[in-house]
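A closer look at the structure
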Amino acid sequence: MENMEFGRVPKENLKTIDFALKSDNSLNARVLSEVKSRNEQVHSENEWKPNVYVGCPEWSITEWKGKIYPGNAKSPDFLSHYARQFNTIELNLTHYRIPTESDILKWNTQTADGFKFCPKFPQIISHDKKLRNADPETGEFCERVLDLGGKLGSSFLQLSPFFSPRQFPELEKFLRALPARLPVSVEFRHEDWFKNDRIWEETLLMLQSLDMGTVITDVAGRRDVVHQGLSNSSIMLRWVGNDHESDYDRIDAWIHRLKQWVAEGLQDIYIFVHISDNILAPELCHYWIKKLNAELQLSLKEPVFFPKTDQLSLF
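This structure, assessed with the given rule, holds 20 salt bridges. Residue Glu283 is joined to Lys67 by a salt bridge in which the shortest nitrogen-to-oxygen separation is 3.0 Å. Placement of the pair is Glu283 in helix α10 (residues 281-296) and Lys67 in the loop between β1 (51-55) and α2 (78-85), with a sequence separation of 216 residues. On the accessibility criterion, Glu283 (30% relative accessible area) is partly exposed.

This is the structure in structure tokens:
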């Protein structure tokens, strides 16, 4: 079970956290204006809408049976039930193993057109080999996920917390060698990426030159990774709730920021909701989707919850 421990703080310490979102990176306006200019050449302002996807980190949560899955759902069918409720999945299982051809076939079969998988690069590439001498694994991973076809959203490369700006050349070399048709977003965790404005802007410019996106991770204990830097027409937001009343104010603040970015040209939005063992993720996804529909005039499908039933006594 995927459990986002990175940046977690005890609930009693949440009142000491400043959850206010930072100001936009200075490059955002330029990045988004270029995207908006391209869009305006194809669509009128009235007909253009962003592509918005909201989902969870995994589908194999047995506690969702009787909640968003039928009570008698079997684990081999969980993905098909999940895909009826959400339009994307943060595919963390690929972090632990490269998917097989049969995996890809099964995932394609169990999901409808329009569903998007966002596979995470395997840890043998990102953490064990630190992007060096990983050509065989990288080639196999890219070949597999590209077989998802139209169901491939943005893959994402989560760098190790020990991967620092000193390794910028290795990162750039690795990214430039990836297939041009593979959508990629990069998640940075080492603190030094964000301590020096020049280093961070050079990093964003490098990603922009490759048309690759950034991952923004909104987590209580590491506010530097909520960096508000965009490098192309997309954003991947990994949002970590705390099962606390502050969660809803945080979502509202993000809706306001995303609405601003969409007006400026943001095109593709992926939002993945993490929360303690992800049992409550569907409820928070539902809140996200309702607010996005209301504020961005979208028509995203809201998850449907099964009615709660009490077990009747036989006596």
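That shown, we press on.
What follows concerns unusual backbone geometry. With a phi angle near 75°, Leu131 is a residue other than glycine that sits in the positive phi range. With respect to the helices, strands and loops of the structure, Leu131 is situated in the loop between α4 (123-128) and α5 (135-146). A relative accessible area of 8% places Leu131 in the buried class. Backbone geometry places Asn133, a non-glycine residue, at a positive phi of 55°.

Right, let's get into the packing of helix α1 (residues 28-40) against helix α9 (residues 246-264). Running from N to C, α1 and α9 cross one another at 50°; their axes reach a closest spacing of 8 Å. With respect to α9, the element α1 is oriented oblique. Touching Asn28, Leu32, Ser33 and Lys36 of α1 are Trp261, Ala263 and Glu264, all from α9. Class assignment for the residues of the contact of α1 with α9 results in three nonpolar, two polar and two charged.

On to the environment of His95, then. Structurally, the position occupied by His95 is in the loop between β2 (88-91) and α3 (101-109). The sequence separation of His95 and Phe121 amounts to 26 residues, and the corresponding C-alpha distance is 5.5 Å. Ignoring anything within four residues of it in the chain, the contact list for His95 reads Lys120, Phe121, Pro122, Gln123, Ser126, His127 and Gln158.

Okay, the packing of helix α6 (residues 168-176) against helix α8 (residues 197-209) next. Closest axis-to-axis distance for the α6/α8 pair is 11 Å, and the angle between their directions is 10°. As far as their axial angle goes, α8 and α6 are roughly parallel. In this structure, α6 contributes Phe168, Leu171, Glu172, Leu175 and Arg176 to the contact, and α8 contributes Glu202, Thr203, Met206, Leu207 and Ser209. Partitioned by chemical class, the residues of the contact of α6 with α8 number five nonpolar, two polar and three charged.

Here we come to the environment of Pro10. Summarising the element assignment, Pro10 is placed in the segment before α1. Take Pro10: its relative accessible area is 39%, and that puts it in the partly exposed class. Separated by 232 residues in the primary sequence, Pro10 and Asn242 have C-alpha atoms spaced 9.0 Å apart.

Moving on to the confidence of the model for the protein. For the protein, mean pLDDT is 94; residues scoring 70 or higher make up 95% of the total. Across residues 310-315, confidence stays below pLDDT 50; counting only partners more than four residues off in sequence or on other chains, it has zero contacts.

Here we take up the packing of aromatic side chains. Counting across every chain of the model gives 17 aromatic pairs. Look at Trp107 and Phe117: their rings are 5.9 Å apart centre to centre, the planes differ by 25°, and that puts the pair in the stacked class. Of the two residues, Trp107 is situated in helix α3 and Phe117 in strand β3 (residues 116-119); the sequence distance between them amounts to ten residues. This pair shows no difference in class: Trp107 is buried, exactly as Phe117 is. Centre to centre, the rings of Phe188 and Trp200 are 5.3 Å apart; their planes meet at 90°, and the pair counts as edge-to-face. Here Phe188, found in the loop between β5 (184-187) and α7 (192-195), pairs with Trp200, found in helix α8; they are twelve residues apart in sequence, far enough to count as distant. Grouping residues by exposure puts Phe188 and Trp200 together as buried. For Arg189, the ring lying beneath its charged end belongs to Phe6, and the centroid distance is 3.9 Å.

Right, let's get into the pairing of β3. A two-sided burial pattern is seen for β3, the buried positions comprising Lys116 and Cys118 on one face and Phe117 and Pro119 on the other. Both β2 and β3 contribute to a ladder of four bridges, which runs parallel. The residue of β3 that forms the bridge with Glu90 is Cys118. Between β2 and its parallel partner β3, the chain crosses via α3, and the hand of that crossover is right-handed.

Rules of the game
- Residues numbered from 1 in each chain as written.
- Predicted model: local features only at pLDDT ≥ 70, side-chain atom pairs only at ≥ 80, totals over all residues.
- Heavy atoms only, no water.
- Salt bridge = Lys/Arg side-chain N within 4 Å of Asp/Glu carboxyl O.
- Helix = DSSP H or I, 4+ residues; strand = E, 2+ residues; numbered from the N terminus.
- Buried < 20%, exposed > 50% of the residue type's maximum accessible area, 1.4 Å probe, protein only.
- Axes fitted to C-alpha atoms, helices over the stretch in contact; angles between N-to-C directions.
- Parallel < 35°, antiparallel > 145°, perpendicular 65-115°, else oblique.
- Contact = heavy atoms within 4.5 Å.
- Nonpolar A, V, L, I, M, F, W, Y, C, P; charged D, E, K, R; others polar.
- pLDDT = per-residue confidence, 0-100.
- Phe/Tyr/Trp six-rings, centres within 6.5 Å; stacked < 30°, edge-to-face > 60°.
- Lys NZ or Arg CZ within 6 Å of the ring centre and 35° of its normal.
- Pairing = 2+ DSSP bridges.
- Right-handed = clockwise from strand over helix to strand, strands pointing away.

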